[in-house]
Amino acid sequence: MKSPYEIILHPVITERSTDNARMGRYTFAVASDANKLDIKQAVETIYRVKVLKVNVMNVRGRRRRLGRMPVGETAGWKKAVVTVQPGQRIEAFEVT
């Protein structure tokens, strides 16, 4: 079994994710082979919170070009939106 730090790669900090963080929903980039149960256990272990719900989606890579070179594609990744119990917070998303 993978370590929790291999499952949760990093938090995703965007305008939308910080708005969701105020409502107890936190967004993470996760390993592409992780499932909802793995993600739930990893977040509970790392951040010591109670996870109520996990939503997972695959983000497709974007098409990019470099000057006249042919079109390439950026790497795709997996994103998880985790809902925690009301009253609990994850400090990585706190804006000072």
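It should be emphasised that the depicted structure is a prediction, and the values quoted were computed from it without experimental measurement.

Definitions and cut-offs
Residues numbered from 1 in each chain as written. Predicted model: local features only at pLDDT ≥ 70, side-chain atom pairs only at ≥ 80, totals over all residues. Heavy atoms only, no water. Salt bridge = Lys/Arg side-chain N within 4 Å of Asp/Glu carboxyl O. Helix = DSSP H or I, 4+ residues; strand = E, 2+ residues; numbered from the N terminus. Buried < 20%, exposed > 50% of the residue type's maximum accessible area, 1.4 Å probe, protein only.

Draft legend 1. Region of interest: the pattern of salt bridges. Applying the stated criterion to the full structure yields 2 salt bridges. Lys2 is the partner of Asp33 in a salt bridge, and the nearest nitrogen-oxygen pair spans 3.1 Å. Of this pair, Asp33 sits in the loop between strand E2 (25-30) and helix H3 (36-47) while Lys2 sits in the segment before helix H1 (4-7), placing them 31 residues apart in sequence. Asp33 gets classed as exposed once you look at its relative accessible area, which sits at 54%. With a relative accessible area of 36%, Lys2 lands in the partly exposed category. Two residues, Arg22 and Asp19, come together in a salt bridge whose shortest N-O distance is 2.9 Å. Taking the relative accessible area as the measure of exposure, Arg22 reaches 62% and is therefore exposed. Overall, the relative accessible area of 37% leaves Asp19 in the partly exposed class.

Draft legend 2. A look at unusual backbone geometry. Unusually for a residue other than glycine, Arg48 sits at a positive phi of about 55°. One can find Arg48 in the loop between H3 and strand E3 (51-59). Looking at Arg48, the relative accessible area reads 72%, which means it is exposed.

Taken by themselves, the reported measurements are silent on function.
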